[in-house]
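A look at the structure
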Amino acid sequence: MKRLILAPFLVLLLALSVGSLGPAFAQPAPGGQARGQVSADEMEMQRLLQGGRIEGRTSIPDPRSEVLVQPQGKAWRDFHNVTLAWVGGIAVGGMALILIAFYATRGRIKIEGGMSGRTISRFNMLERANHWMVASSFIVLGLTGLNLTFGRHILLPILGPYTFAEISLWGKIAHNFVAFPFTLGIVVMLLLWVKDNIPNGRDIEWFKMGGGLIGKGHPKAGRFNGGQKMVFWITVLGGGIVAASGYFLIFPFWGEFGVADMQLAHIIHSILSVLMVAAMIAHIYIGSVGMEGAFDAMGSGEVDLNWAKEHHSLWVEQEMAKARQVVAPSGVKPAE
């Protein structure tokens, strides 16, 4: 009987207790956030885990600096660490292997008629000085650039982290500053030699005959043959694009350009650079150990007459005609 009397009071007490706890459940969770909502930090973490773009806030008036993580960064990192290493390894290593095999089977290309003992002037002092400025700059740029791609795999295990870091630091500084004489040399080279490097029909015939490197016979050529013209345009056009993209990386964020533009500039810069390194290895080979008498053109500037006749017969004819014109000007009759 007592239980039946106390039951309504117990039900009333329970209802009052639930009613007093209700507002507590409706209050926001600590930090001013309602239950079921996600904080800004959690949203950023979710985007980070999903590979999304992460932005913050900075005190400088440049919204591009607020980007902390962007999805394209992973693609660029994969390119630099994987794709570029493969492209560079195949291009540079493949060219080295081809030249080694070529030298083993063909040997050094000799002057068929032997050294004549007579020389003809091929390049003047300005042309040679500019050539060596471009060549030496390119070697520094090539070695320091290849170190950024392959150094961690090749040099780091040998030199150790401290020495490798010092070499890479000074190499990066040299890379930036040597870019200026390289660019100047490219411009001067274009002005000096563009008139002699216009492609023509003889260049097609030169390539068909293997340029005197493959098979027998030497195709006729002017001051520059088809192969040299190809090297010239690779150097001028390729070097110009490499220089422009390199300056974009040295002086970043011009105008409205952002991080994605920097990554694109790096891709163009690096791909063209390793391809140019491969092409210049072949050029250096032909101009040194690959062909007898070729180095003299950029060494002393004087080449053997037989070498010139074999590789640049049309140019020799033009130079001989100029020499005869100087010795016996037109309109002047020889003395009786």
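Residues numbered from 1 in each chain as written. Predicted model: local features only at pLDDT ≥ 70, side-chain atom pairs only at ≥ 80, totals over all residues. Heavy atoms only, no water.

It is worth spelling out the side chain of His311 at this point. Among the secondary structure elements, His311 is positioned in helix H10 (residues 305–311). When neighbours within four sequence positions are excluded, His311 is seen to be in contact with His218, Ala221, Asn225 and Met291. (Helix = DSSP H or I, 4+ residues; strand = E, 2+ residues; numbered from the N terminus. Contact = heavy atoms within 4.5 Å.)

Below, the discussion takes up the side chain of Glu310. For Glu310, the position within the fold is in helix H10. Buried charge without a salt bridge: Glu310, with Arg106 as the nearest opposite-charge side chain at an N-O distance of 8.7 Å. With near-sequence residues (within four places) excluded, Glu310 lies in contact with Lys110, Ile111, Glu112, Gly113, His218 and Pro219. (Buried < 20%, exposed > 50% of the residue type's maximum accessible area, 1.4 Å probe, protein only. Lys, Arg positive; Asp, Glu negative; His and termini not counted. Salt bridge = Lys/Arg side-chain N within 4 Å of Asp/Glu carboxyl O.)

With that settled, the discussion passes to the packing of aromatic side chains. A full pass over the atoms with the stated rule returns 10 aromatic pairs. Seen from their ring centres, Trp132 and Phe295 are 6.1 Å apart, and the 55° between their planes marks the pair as tilted. Of this pair, Trp132 sits in helix H4 (residues 125–159) while Phe295 is found in the loop between helix H8 (259–290) and helix H9 (296–299), placing the two residues 163 residues apart along the sequence. Given a relative accessible area of 39%, Trp132 falls into the partly exposed group. Their ring planes at 90° and their centres at 5.1 Å tell us that Trp206 and Phe207 sit as a pair that is edge-to-face. Under the relative-accessibility criterion, Trp206 is labelled buried at 9%. With a relative accessible area of 42%, Phe207 lands in the partly exposed category. Taken together, the ring pairs connect Phe102, Tyr103 and Tyr285 into an aromatic cluster. (Phe/Tyr/Trp six-rings, centres within 6.5 Å; stacked < 30°, edge-to-face > 60°.)

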